[in-house]
Amino acid sequence: GDAFHSLIRVSEERGNNAYIGLPVPQMRTTGETWLPDNSYADVIDGFAEKFVDAYHQRGADGYYLAMEMPLTDTSHWDPVTDYYSRQTQIINDVSEGATVLISPYLDGREDSETISPETATLGYQKLLDLNNGTRILVSPQDGLGVDTTALEADESEEHQFTAEDYFEALQEVEPERLYVTVEAMHPGGGSSDSRKPTSRDRVEEQLDASEPYVNGAIGFQWADPNSMIQIPHIGEGACAAGPGKLN
């Protein structure tokens, strides 16, 4: 069946917004393979123009830029932010002022390339400045399902910064555009096969931690064993953003 038609129908029935993810560009095949190969920019942009126009006509309420990057302002990630900027311009040309969602990740671990809250705030502002007339919402992944952050209550010695540290700093930059992507799984062994189901109590702890700082929460599940609809009394509501919409 037509998945987008189903999304639009259910969204209208429940008073939600329907967002469509844009195609992700070709990645580099050698060297920095986590970055997009922007030598194909004209191809991906040409396709994006047709894609955005088609889904605008079909009733999309906004667009999701699915390519990931850490929440930082370092120039190393400019190939990704350049891609974001091109896409927001394309989106605004078709649907002026449309909402665009970006979901970067955080890393507060001691033994990795740690992102400080200060760096995260600079990255947040950099993303907001890529709007080109659109309305960008930034929904950082809370990192609690992949063990890149911890809650204050976890008292982790392996993390230099907590999720609360990040969101408290980010809301001081621009509170109205800040959401949280709640990772509804336990880290397990760190892969899609080893991550474990979460619980209602844990998800509520995650929501409570970011609630003072964000406008709403977007639920993310890794795979069927971790499906949020299996969490008692959270179900579909946990997958909503704020009061049913990305306001």
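Higher on the page you've got the structure.
Criteria and thresholds
Residues numbered from 1 in each chain as written. Predicted model: local features only at pLDDT ≥ 70, side-chain atom pairs only at ≥ 80, totals over all residues. Heavy atoms only, no water. Helix = DSSP H or I, 4+ residues; strand = E, 2+ residues; numbered from the N terminus. Polar contact = N/O pair within 3.5 Å; in protein donor to acceptor, adjacent residues only side chain to side chain. Contact = heavy atoms within 4.5 Å. Buried < 20%, exposed > 50% of the residue type's maximum accessible area, 1.4 Å probe, protein only. Pairing = 2+ DSSP bridges. Right-handed = clockwise from strand over helix to strand, strands pointing away. Core = buried A, V, L, I, M, F, W, Y, C linked by side-chain atoms within 4.5 Å. Axes fitted to C-alpha atoms, helices over the stretch in contact; angles between N-to-C directions. Left-handed = near helix turned anticlockwise from the far one by under 90°. Salt bridge = Lys/Arg side-chain N within 4 Å of Asp/Glu carboxyl O.

Undergrad: Got a minute to help me understand the side chain of threonine 121 in this structure?
TA: Looking at the element boundaries, threonine 121 is found in helix H4 (residues 117–128). A distance of 2.6 Å separates the side chain of threonine 121 from the backbone oxygen of glutamate 118, its partner in a polar contact. The contact partners of threonine 121, leaving out residues within four places of it in the chain, are Ala169, Leu170 and Val173.

Undergrad: Looking at this structure, how should I read the pairing of strand S3 (residues 99–102)?
TA: Successive side chains on a regular strand alternate, one facing one side of the sheet and the next facing the other. Burial of the side chains of S3 extends over both faces: Thr99 and Leu101 are buried on one face and Val100 and Ile102 on the other. With 4 bridges connecting them, strand S2 (residues 62–65) and S3 associate as parallel partners. Of the residues in S3, the one forming a bridge with leucine 65 is isoleucine 102. One crossover worth recording links S2 to the parallel S3 by way of helix H3 (residues 78–94), and it is right-handed. The sheet contact formed by S3 and strand S4 (residues 135–138) spans 4 bridges and is parallel. Across the sheet, residue valine 100 finds its bridge partner in S4, namely isoleucine 136.

Undergrad: What is the right way to look at the pairing of strand S5 (residues 180–183) in this model?
TA: Both faces of S5 are covered, namely the face carrying Val180 and Val182 and the face carrying Thr181 and Glu183. Sheet topology places S5 next to strand S6 (residues 217–220); 4 bridges connect them, and they run parallel. Paired with valine 182 across the two strands is glycine 219, which belongs to S6.

Undergrad: What is the right way to read the nonpolar core from this model?
TA: Buried together is how nonpolar side chains tend to be arranged in soluble globular proteins. In this structure, Leu22, Tyr63, Tyr84, Leu127 and Phe167 are the most contacted members of the largest nonpolar core, which totals 46 residues. If one sorts the elements of this core by residue count, H3 sits on top with 5 residues. Excluding residues within four positions of it along the chain, tyrosine 84 makes contact with Leu65, Met67, Glu68, Met69, Ile102, Leu127 and Leu130.

Undergrad: Can you walk me through the packing of helix H2 (residues 41–57) against H3 in this structure?
TA: Two quantities define a packed helix pair, namely the angle between the helix axes and the distance between the axes. In contact at an axis separation of 9 Å, H2 and H3 are set at 35 degrees when each is read in the N-to-C sense. In this structure, H2 meets H3 at a crossing whose hand is right-handed. The segment H2 lies against H3, with Ala41, Ile44, Asp45, Ala48, Glu49, Val52, Asp53 and His56 engaging Arg86, Gln87, Ile90, Ile91 and Val94.

Undergrad: I would appreciate a short explanation of the pattern of salt bridges in the present structure.
TA: Two side chains of opposite charge can pair, provided their charged atoms sit close to one another. Scanning the entire structure with this criterion turns up 9 salt bridges. Between aspartate 45 and arginine 86 there is a salt bridge whose closest N-O contact spans 2.7 Å. In this pair, aspartate 45 sits in helix H2 while arginine 86 sits in helix H3, placing the two residues 41 residues apart along the sequence. Residue classification places aspartate 45 among the buried residues on the basis of a relative accessible area of 13%.

Shape is all these values report; function is a separate question.
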